[in-house]
Amino acid sequence: MSIKITGTGIGLPKRHVTNDELVSQFGLDTSDEWITTRTGIKGRYICEDETLTDLAATATTNALADAGIAAADLDYIIGSTVAADAHSPSLACAVAERIDATCAAVDVNGACTGFLYAIDAASALIEAGRASTILIICAEKMSAHVDWTDRRTCVLFGDGAAAVVVTRGNALKYIHLGSRPDTQVISIPNDMAGNNPIARDQVPAGFVYMDGQKVFKYAVSMIQQEINDGFANTGLGSEDIDYYLFHQANLRIIDYAITRLKQPHDKFPTNIERYGNVSSVTIPTLLHEMIHDGRIQPGQKLFLCAFGAGMTYGGAIMEWE
Ligand code: UT7
């Protein structure tokens, strides 16, 4: 397949909030002990005065500099978010405005799998000759969408943005996307949905809803399926992979995969401890950190795997170049 990643960047809010601060400053009925043992999360970034577009613009500027290109070199921007600053225009258009780009700009909403959906779309556009340099910008401001009185959800999520620049190359060896449609287990209801003059439906609360245990079971099974399919389709085995970059939703979900794959722990990098679950931002943030601290090197094989609301899921194998 015809793409590689040539630059990455992240954008974070100024404020980092630890689990203890959720109790002492936000008055939540929870504890560092519960959150750490159930999820692995120790803290998360939360926006103060930053907008989602602010975070995304910072990540984008950093990724363009890292790739050594200008905004004018882009011929497509794909945004990935579950909720842009506006229902319309898109996150991608908001970023285009900030960086002065005039190329095509559109969002995908694949929830936590959004980065892989964007990679798939970018790969298809490049293979078809419709684009040659694409920016993928993943950004989430989950703090605006959780109910801060619901300890079952608000402790899990964080805010942030991560961008990658994609061009023609040979890094992407395999990608597969799927869905097991179940729109009830995790959702962010649209709080404008009842605003119709003919049928004034009851307007649902706009906060994140999640049946954690059901989502957990879906996640474990989807990761298992993606790994089986990825190996069956490429002839690779678990020992051939240098790093497994999984969506960072819960360390216990990642532990299931480690047990099943019987590979060393350091092949499963995590950053959920510091960021919490930032939806589609988690995998490109891991990529960014590992490229810049030297863990990811040319020739290494990476297995990317994500799952999210929908339920959507996907897996990709890259040989870094
Ligand atoms: O990226 C989107 C995908 N999302 C996910 O992958 C999330 C998947 N699910 C999970 O990660 C886990 O199910 C959770 C972390 C959400 C919850 O963990 P759990 O082990 O399934 O806990 P639970 O929901 O069964 O709750 C156990 C207890 C309950 O108390 P009772 O009823 O046993 O008395 C909850 O009320 O823990 C209580 N609880 C809390 N206690 C302290 C729930 N949240 C908290 C909290 N602090 N924050």
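Procedures and definitions
- Residues numbered from 1 in each chain as written.
- Predicted model: local features only at pLDDT ≥ 70, side-chain atom pairs only at ≥ 80, totals over all residues.
- Heavy atoms only, no water.
- Buried < 20%, exposed > 50% of the residue type's maximum accessible area, 1.4 Å probe, protein only.
- Helix = DSSP H or I, 4+ residues; strand = E, 2+ residues; numbered from the N terminus.
- Pairing = 2+ DSSP bridges.
- Axes fitted to C-alpha atoms, helices over the stretch in contact; angles between N-to-C directions.
- Domains from an automatic or database assignment.
- Contact = heavy atoms within 4.5 Å.
- Buried area = accessible area lost by both parts, 1.4 Å probe.
- Salt bridge = Lys/Arg side-chain N within 4 Å of Asp/Glu carboxyl O.
- Polar contact = N/O pair within 3.5 Å; in protein donor to acceptor, adjacent residues only side chain to side chain.
- Nonpolar A, V, L, I, M, F, W, Y, C, P; charged D, E, K, R; others polar.
- Near = heavy atom within 4 Å.
- Areas by Shrake-Rupley, 256 points an atom, 1.4 Å probe, with all protein chains shown as cover.

**Considerations on the pairing of strand β12 (residues 301–308)**
Of all the 8 residues making up β12, 7 are buried; the element is thus mostly covered by neighbouring parts of the structure. Bridge count for strand β11 (residues 243–246) against β12 is 4 bridges, and the pairing is parallel. Looking at β12, one finds that L245 is bridged to L304. The hairpin turn running from β12 into strand β13 (residues 310–319), its antiparallel successor, is 1 residue long.

**So, the sheet that holds β12**
Spatially, β8-β13-β12-β11 is the arrangement adopted by the 4 strands of the open sheet, whose pairing is mixed. Strands at the two margins of the open sheet, each flanked by one partner only, are β8 (172–182) and β11. Between one strand axis and the next, the sheet turns by 10° as a mean value, whatever way the strands run. Of the strand pairs in this sheet, β12 and β13 are connected by 8 bridges, and their pairing is antiparallel. Each residue of the ladder has a partner; that of C305, found in β13, is G315.

**Some points on the domain arrangement of the protein chain**
Each assigned domain of the protein chain is listed here: domain 1 (3–169) and domain 2 (174–193 + 200–319). On a C-alpha basis, the centres of domain 1 and domain 2 stand 15 Å from each other. The partner domain 2 presents 43 residues to the 45 residues of domain 1 that form the contact. Summed over both partners, the interface of domain 1 with domain 2 buries about 3,600 Å², with 68% contributed by carbon and sulfur atoms. On inspection of domain 1 and its partner domain 2, the count reaches 0 salt bridges. If you look at where domain 1 meets domain 2, you find 20 residue pairs in polar contact (both at pLDDT 80 or more). Of all the secondary structure elements, the ones that give two or more residues to the side of domain 1 that touches domain 2 are β1 (3–11), α2 (32–39), β3 (43–45), α5 (114–127), β6 (133–141) and β7 (159–168). With 6 residues, α5 is the largest single contributor of residues to the side of domain 1 that touches domain 2. Residues that form the side of domain 1 that touches domain 2 fall into these classes: 21 nonpolar, 16 polar and 8 charged.

**A word on the site of the ligand**
Around the ligand, 22 residues are found, and the nearest of them are T30, R38, Q213, N250 and N277. The side chain of R38 places a nitrogen or oxygen atom 2.8 Å from an oxygen atom of the ligand. R252 is positioned such that a nitrogen or oxygen atom in its side chain is 3.5 Å from an oxygen atom of the ligand. Surface burial for the ligand is 75%, taken as the share of its 960 Å² of free accessible area covered by protein chains. Here the shell around the ligand gets 4 residues from one element, more than from any other, and that element is helix α7 (residues 212–234).

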